[in-house]
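Structural description and commentary
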Amino acid sequence: MNIAEIRNIVQAARKAVFFGGAGVSTESRIPDFRSASGLYRTAQGTAYPPEVMLSRPFFDTHPEEFYAFYRAKMLHPGAKPNDAHQALAKLEREGRLAAVVTQNIDGLHQAAGSSRVLELHGSVHRNFCTSCGRSHDLAYVLESGPGVPACTACGGTVKPDVVLYGENLDPGVLEAAVQAIAEADVLIVGGTSLTVNPAASLIRHYSGNRLILLNREATPYDDRAQYIVRDSIGGVLRLLTEGE
Ligand code: NAD
């Protein structure tokens, strides 16, 4: 695939949208779910499969085990944005990128400077009391460990504002993502296996002919893409966005 050709398309964009997932953050040393070194393989042998431990029924019935897994596998407070996050923030600053739609919960796009980030699956940075609704930040969850964080106001159970299996996506975020994707002149999809729905199916709302897919492995949506690059997303996005 001709990188120069893809670069020209990205550089000419005026309202591109990036749609991404866990693969965007693997170069920040946050494991994804489905790669060889991803959580689904490394968590084999644990008492429950990850999709059970990260489900709402499990949170409600086994909060200690939920938090033990969540703290160990989903919280990476020392992680820093990588080249992929930085390149997308640059594209937004240059007026080429209208939004980042992400399945990630790590907050690294905002840390890199992106301001329009639609977090389909929520964020580890937001947490709320399931009894009184009071908000708690990530620092509180980290400091209150190792058990279940209790609300400072009422003692209730604090829950991360992340979408667990069995929970619905926020309708407002979903609607904004659909609109951004439908209006995009260029859709860049990357670092996602495109297997988690309804998130993955959102890319069907793009009807243009400049869908660029940046992913190491094949996805169920490859036949919709005009351009596919199977390489490190950080390196590719850096090439696509750097100046002359
Ligand atoms: P996934 O694990 O199913 O797929 C990741 C994809 O990215 C794979 O196809 C892999 O080949 C590709 N990939 C990994 N590293 C790459 C790299 N450096 N360059 C190019 N491609 C790379 O992830 P998903 O599709 O996002 O679905 C998993 C779910 O897990 C999401 O809903 C997300 O909320 C959650 N999750 C989030 C984080 C995070 O916030 N960082 C981490 C793990 C899981």
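Residues numbered from 1 in each chain as written. Predicted model: local features only at pLDDT ≥ 70, side-chain atom pairs only at ≥ 80, totals over all residues. Heavy atoms only, no water.

Applicable threshold: UniProt positions are given in the numbering used here, feature names are shortened, and annotations may be inferred rather than shown by experiment.
The name given to the protein in an unreviewed UniProt entry is NAD-dependent protein deacetylase, with Paenibacillus aurantius as the source organism. If you open the UniProt record of the protein and go to Sequence similarities (unreviewed entry), you find "Belongs to the sirtuin family. Class U subfamily." The UniProt entry for the protein carries the following text under Function (unreviewed entry): "NAD-dependent protein deacetylase which modulates the activities of several enzymes which are inactive in their acetylated form."

Looking at the overall build of the protein
Here is the rule we go by: Each helix is a run of H or I in the DSSP string that is no shorter than four residues. Each strand is a run of E no shorter than two, and both are numbered from the N terminus. Note on method: radius of gyration uses C-alpha positions; expected globular size equals 2.2 Å times residues raised to 0.38. Each residue is assigned to one of three classes by its accessible area relative to the maximum for its type, calculated with a 1.4 Å probe on protein chains only: buried under 20%, partly exposed between the two thresholds, exposed over 50%. Any two residues having at least one pair of non-hydrogen atoms within 4.5 Å are treated as being in contact. In this count, Lys and Arg are taken as positive residues and Asp and Glu as negative ones, while His and the chain termini are left out. To locate a charge, take atom NZ for lysine, CZ for arginine, CG for aspartate or CD for glutamate.
From N to C terminus, the protein includes 10 helices and nine strands. Taken against the 2.2 N^0.38 rule, which gives 18 Å for 244 residues, the C-alpha radius of gyration of the protein at 18 Å falls within 12% of a compact globule. In terms of overall dimensions, the protein has C-alpha extents of about 55 × 35 × 30 Å along its principal axes. Residues counted as buried form 51% of the 244 residues belonging to the protein. Partitioning the intrachain contacts of the protein with sequence separation of at least 6 by distance along the chain shows that 64% fall at a separation of at least 24. In the protein, which carries 23 positive and 26 negative side-chain charges, the distance between the mean positions of the two groups comes to 3 Å.

With respect to the UniProt feature "binding site: NAD(+)" (unreviewed entry) in the protein
The criterion, for reference: Two N or O atoms form a polar contact when they lie within 3.5 Å of each other; inside protein one atom must be a possible hydrogen donor and the other a possible acceptor, and for residues adjacent in sequence the pair counts only when both atoms belong to side chains.
Per the UniProt entry, the sites bearing "binding site: NAD(+)" (unreviewed entry) are Ala 22, Thr 26, Phe 33, Arg 34, Gln 103, Ile 105, Asp 106, His 121, Thr 192, Ser 193, Asn 215 and Ile 233 in this numbering. One can find Thr 26 in the loop between β1 (16–20) and α2 (39–42). We classify Thr 26 as partly exposed; its relative accessible area is 27%. In this structure Thr 26 touches Pro 31 and Asp 32, once residues within four positions along its chain are discounted. Residue Ser 193 is classed as partly exposed on the basis of its relative accessible area, which comes to 25%. Every residue in contact with Ser 193, bar those within four places of it in the chain, is listed here: Arg 34, Thr 219 and Pro 220. A polar side-chain atom of Ser 193 sits 2.8 Å from a polar atom in the side chain of Thr 195.

Here's the deal with the side chain of Asp 222
Along the chain, Asp 222 falls in the loop between β8 (211–214) and β9 (227–229). Classification of Asp 222 as buried rests on a relative accessible area of 14%. Non-local contacts of Asp 222, meaning those with residues more than four positions away in its chain, are made with Leu 213, Ile 228 and Arg 230.

Some points on the sheet that holds β9
To keep things clear, this is the line we draw: A pair of strands counts as paired when DSSP detects no fewer than two bridges linking them. To get an axis, fit a line to the C-alpha atoms, keeping to the stretch in contact for a helix; angles then go from 0 to 180 degrees between the N-to-C directions.
Within the open sheet, the six strands sit side by side as β3-β2-β1-β7-β8-β9. Their pairing is parallel. Unpaired on one side and paired on the other, β3 (117–119) and β9 mark the two borders of the sheet. Averaged over all pairs of adjacent strands, the angle between their axes in this sheet comes to 15°, without regard to strand direction. Pairing geometry for β1 and strand β7 (residues 187–190), over four bridges, is parallel.

Some thoughts on the pairing of β1
Most of β1 sits inside the fold, with five of its five residues counted as buried. Of the two faces of β1, both are covered, the one formed by Ala 16, Phe 18 and Gly 20 as well as the one formed by Val 17 and Phe 19. Inspection of the sheet shows β1 paired to strand β2 (residues 97–102) by five bridges, in the parallel sense. By the bridge assignment, Phe 19 is partnered in β2 with Val 101.

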